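# Observations on chain architecture
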Amino acid sequence: MRVSARRRRLGKLRLRAVVLSLAFFAIAWLLLLGQLVSGHDPVLGSGSQSSAAAKSPADTRQRSSGSEPPTPQSVVIDPATGEAIPQAGASGAAPQPTPQPPPVTTSTS
Amino acid sequence: MASATVSVGPHLFWITSRAAGTAALVLSSISLGLGLAVARQRRAGRGGIGTVADYRAVHEALALSTLAMVALHGMALLGDRWLDPGVAGIAVPLVSPYRPAWTAIGIVGGYGLAALGLSYFARDWIGTARWRSMHRFTALFWLLGVAHSIGSGTDAWRAWFLLVAASAVLPSAVLLLGRVGGWLGSALDLPRSEPPVRQESIR
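The rules we used
Residues numbered from 1 in each chain as written. Chains lettered and ligands numbered in written order. Predicted model: local features only at pLDDT ≥ 70, side-chain atom pairs only at ≥ 80, totals over all residues. Heavy atoms only, no water. Helix = DSSP H or I, 4+ residues; strand = E, 2+ residues; numbered from the N terminus. Buried < 20%, exposed > 50% of the residue type's maximum accessible area, 1.4 Å probe, protein only. Contact = heavy atoms within 4.5 Å. Areas by Shrake-Rupley, 256 points an atom, 1.4 Å probe, with all protein chains shown as cover. Axes fitted to C-alpha atoms, helices over the stretch in contact; angles between N-to-C directions. Parallel < 35°, antiparallel > 145°, perpendicular 65-115°, else oblique. Left-handed = near helix turned anticlockwise from the far one by under 90°. Nonpolar A, V, L, I, M, F, W, Y, C, P; charged D, E, K, R; others polar. pLDDT = per-residue confidence, 0-100. Core = buried A, V, L, I, M, F, W, Y, C linked by side-chain atoms within 4.5 Å.

### Structural notes on the overall build of chain B
Secondary structure assignment for chain B yields 8 helices and 0 strands. In chain B, the order of α-helices and β-strands from amino to carboxyl end is α-α-α-α-α-α-α-α. When the 203 residues of chain B are sorted by exposure, 41% land in the buried category. For chain B, the share of sequence-separated contacts (at least 6 apart) that also reach a separation of at least 24 residues comes to 65%. For chain B, the computed accessible surface area is about 11600 Å², with 67% contributed by carbon and sulfur atoms.

So, in structure tokens, the structure goes:
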């Protein structure tokens, strides 16, 4: 009888720990959601675009990390065909210089 | 006051991952603290506020919840269209395009926590003494998790995160330091802080 009561007590303790864990996750989730909706997200910041302007996650989310995915390229509509032509190097990045061959060195003995 | 309406839908997976990561950090810290308290009580051979069995039950439940949160933290990112890490990005160190080194530290920490945490269920097979000495290394992987959350956490420098993380991490870190100090003391056979034995002079 005492053993089963103890088991029940430990089971209750475990259940409480799991419920508290889930509650903590839910609170963190709601906090982050509130931060995002109110425009105070550390990554999206207050300069977030409106939902109407947000077309895709790549358009809206700009991270401060050094390793970011490439920014979308500019697109020009060809007046003759009406097709969109992506413009390489027009996304604000400076054009890469042509790589030069390494200098030839001669050794003199 | 700056306020903007943000389309929440595309970021739901990202928010879920961040919340799970924060929860994993806090739960693992509390679980580690409880684990250290259990070991301390067992060594001292006396009871504290609760019994050793109480502490152990909560420690186990929190450890399993931590592992669930770590899994959710990684898997939620699979649904994030912006980051799009792929399975390799969340499972293989140094593959993720986002802060590869810090992410790798987190992946290694997650594997370590999972392996050492779940090894509890193979304790009879491993041997209790061996399992116990293995289980001590959980603290090392917890430290990797702390480093990962600071190095690659989106919310790492937000006041609320620092407050929550510090209140969970610092007590466990203090307990861990005390324990490591004890290990080092016994390993180096340092004298304990006992009163010096008075040498009686023989006349």
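This is not the end of the story, as more comes after the structure.
### Quick word on the packing of helix 1 (residues 2-37) of chain A against helix 1 (residues 12-44) of chain B
Where helix 1 of chain A contacts helix 1 of chain B, the two axes come as close as 8 Å, and the packing angle between them is 135°. Taken as axis vectors, helix 1 of chain A and helix 1 of chain B run oblique relative to one another. The two elements helix 1 of chain A and helix 1 of chain B meet at a crossing, and its hand is right-handed. On the side of helix 1 of chain A, the interface is formed by A:Ser21, A:Phe24, A:Phe25, A:Ala28, A:Trp29, A:Leu32, A:Leu33, A:Gln35 and A:Leu36, while helix 1 of chain B contributes B:Leu12, B:Ile15, B:Thr16, B:Arg18, B:Ala19, B:Ala20, B:Thr22, B:Ala23, B:Val26 and B:Leu27. Of the residues contributing to the contact of helix 1 of chain A with helix 1 of chain B, the split by class is 14 nonpolar, 4 polar and 1 charged.

### Remarks on the confidence of the model for chain A
Residues and elements named next belong to chain A. Overall, the predicted model of chain A reaches an average pLDDT of 63, with 39% of residues at or above 70. Per-element confidence in chain A ranges from a low mean pLDDT of 41 for helix 2 (residues 57-60) to a high of 93 for helix 1. Below pLDDT 50 for its whole length, residues 104-109 participates in 0 contacts with residues either more than four positions away or in separate chains.

### Here's the deal with the nonpolar core
Grouped together as the largest cluster of nonpolar side chains are 34 residues, with contacts concentrated most on A:Phe25, B:Leu25, B:Leu62, B:Met69 and B:Trp142. Put simply, the parts of the chain that give this core at least two residues each are helix 1 of chain A together with helix 1, helix 2 (52-76), helix 7 (138-152) and helix 8 (159-187) of chain B. With 13 residues, the single largest contributor to this core is helix 1 of chain B. Discounting residues that sit within four places of it in the chain, B:Met69 has contacts with A:Ser21, A:Leu22, A:Phe25, B:Ala20, B:Ala23, B:Ala24 and B:Leu27.

### Notes on unusual backbone geometry
Residues and elements named next belong to chain B. Unlike most non-glycine residues, Asp84 shows phi in positive territory, near 45°. In the Ramachandran plot, Arg99 falls in the positive-phi region, its phi being about 40° despite a non-glycine side chain. Along the chain, Arg99 turns up in the loop between helix 3 (86-91) and helix 4 (100-118). Arg99 sits in the partly exposed class, given a relative accessible area of 23%.

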